[in-house]
Amino acid sequence: MAGGLEPHLAALRQELGGPAVFSVLVALIVVAITFLLWRFVQGRKSSRKAVLLLGLCDAGKTLLFARLLSGRYRDTQTSITDSSAVYRLSQDKSTNVTLIDLPGHESLRLQFLERFKAAARAIVFVVDSVAFQREVKDVAEFLYQVLVDSTVLRNAPALLIACNKQDVTMAKSAKLIQQQLEKELNTLRVTRSAAPTSLDGSATGGPAQLGKKGKDFDFSQLPMKVEFVECSARGSKGEEGEADLEALQKWLVKVA
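Residues numbered from 1 in each chain as written. Predicted model: local features only at pLDDT ≥ 70, side-chain atom pairs only at ≥ 80, totals over all residues. Heavy atoms only, no water.

### Here we look at the sheet that holds strand E5 (residues 158-164)
Stage number 1. Pairing in this open sheet of 6 strands is mixed, and the strands run E2-E3-E1-E4-E5-E6 from one edge to the other. Unpaired on one side and paired on the other, strand E2 (83-88) and strand E6 (226-230) mark the two borders of the sheet. When strand polarity is set aside, the average angle formed by the axes of neighbouring strands in this sheet is 25°.
Stage number 2. Pairing of E5 with E6 involves 5 bridges; the strand directions are parallel. Each residue of the ladder has a partner; that of Leu160, found in E6, is Glu227. (Pairing = 2+ DSSP bridges. Helix = DSSP H or I, 4+ residues; strand = E, 2+ residues; numbered from the N terminus. Axes fitted to C-alpha atoms, helices over the stretch in contact; angles between N-to-C directions.)

Structure representation (C-alpha cells):
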C-alpha cells in the first residue's frame, strides 16, 4: 500500500515546491489533528459536571451533602433515592458543579451508580472512619465495583476518598484507611481474577483488571487521580459547630 501512495506523495511534494514545504504542511496537519482531538476530549470532560457522593449506609454522605450546600447541621436518615443540587465554589461564584448524593444501601447503590456514572466529573467516596475496621471488606467491595466499571475507567473521573467522622476519638487515619483498602482491593483482585470461566473459555465475572498485573495493588496504578482527605461533616462541636470540610472544599475547587 505504501508503494501505491509513493507516486502521489512525490507528485504532491513537487507541486508544493519541494520537500521542505511538504514537511511543514504535514507538521501543520498533525498539529491540527492533535488540537481537534484535545478539544474533543476537553469538550467531553466539560460536559460532565456531576460530583457523585458514594459510600456505605451511615458513612455520613447526606450530612456532608447538606453541610456543603448550607453549612448547617441537619438530622438525616438512610436515603432511598438520590438528591442533587448545584454547588457554587466559594472562590469563584461563576463556577459550579452538581453534587449528587446517591443511596448507600446495598440493594440500591449500584442501580443509582449506573444511572449517574456517565455524568461524573469527579467522585467522592465517603468512608466512616470510626466503623472502618469492621466495615473494611464491605467498603472495599463497593469501591472495587466502582473502580472496575467500564464507564468509570474510560472517563477516569477524579476520585477522593473522604475519611469522615474524624471528630470521633476512635476514628482511623486517612493513611491507615488507604493502606487497608489497598490490601483488601488486592485480595479482591486476586479472588476475582481466579473466578471460573464459562464453557467458551471466557471469564464469567466480566469486569476489567484492577491495577497492574503482577504487582500488588496501589491507588497510583489507576487511570484517575486518587486522593485521601480527613474530614468531619458533624464537626468537633456537634450540631452547634461548623463542619471540618476544608480539605474537601479545596479538592472540589481543584476538580471543578
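### Some words on the side chain of Asn164
Stage number 1. By the secondary structure assignment, Asn164 is in strand E5.
Stage number 2. According to the relative accessible area criterion, Asn164 is buried, its value standing at 2%.
Stage number 3. A polar side-chain atom of Asn164 sits 3.0 Å from the main-chain carbonyl oxygen of Ala59. (Buried < 20%, exposed > 50% of the residue type's maximum accessible area, 1.4 Å probe, protein only. Polar contact = N/O pair within 3.5 Å; in protein donor to acceptor, adjacent residues only side chain to side chain.)

### Points about the confidence of the model for the protein chain
Low pLDDT means the predicted atomic positions in that stretch should not be read closely.
Stage number 1. Per-residue confidence for the protein chain averages 84 on the pLDDT scale, and 75% of its residues sit at or above 70.
Stage number 2. Across residues 40-45, confidence stays below pLDDT 50; counting only partners more than four residues off in sequence or on other chains, it has 3 contacts.
Stage number 3. Segment residues 197-205: pLDDT under 50, and 5 contacts once partners within four positions in sequence are set aside and those in other chains are kept. (pLDDT = per-residue confidence, 0-100. Contact = heavy atoms within 4.5 Å.)

### Considering the packing of aromatic side chains
Stage number 1. Enumeration over the complete set of coordinates arrives at 3 aromatic pairs.
Stage number 2. Taking the centre distance of 5.3 Å and the plane angle of 70° together, the rings of Phe219 and Phe228 count as edge-to-face.
Stage number 3. Owing to a relative accessible area of 5%, Phe219 belongs among the buried residues under this scheme.
Stage number 4. Of the residues examined, Phe228 reaches a relative accessible area of 18% and is grouped as buried.
Stage number 5. Taken together through their ring pairs, the aromatic side chains of Phe217, Phe219 and Phe228 make up a single cluster.
Stage number 6. The positively charged end of Arg109 is found above the aromatic ring belonging to Phe142, 4.7 Å away from the centroid. (Phe/Tyr/Trp six-rings, centres within 6.5 Å; stacked < 30°, edge-to-face > 60°. Lys NZ or Arg CZ within 6 Å of the ring centre and 35° of its normal.)

### With respect to helix H4 (residues 109-116)
Stage number 1. Restricting attention to buried positions, one finds in H4 the residues Arg109, Phe112, Leu113 and Phe116. One face of H4 carries all of its buried residues, which in axial projection span an arc of 105°. Looking at H4, the residues exposed on the side facing more than 90 degrees away from the buried face are Glu114 and Arg115.
Stage number 2. Along its buried surface, H4 packs onto strand E1 (50-55), strand E3 (96-101), strand E4 (120-128) and helix H5 (132-147). (Arc of directions from axis to C-beta.)

### Notes on the pattern of salt bridges
Stage number 1. Under the criterion given, the structure shown has 8 salt bridges.
Stage number 2. For the salt bridge of Asp82 with Arg115, the shortest nitrogen-to-oxygen distance reads 3.9 Å. Placement of Asp82 in the loop between helix H3 (61-70) and E2 and of Arg115 in helix H4 is noted, with a sequence separation of 33 residues between them.
Stage number 3. Two residues, Glu184 and Lys137, come together in a salt bridge whose shortest N-O distance is 3.5 Å. (Salt bridge = Lys/Arg side-chain N within 4 Å of Asp/Glu carboxyl O.)

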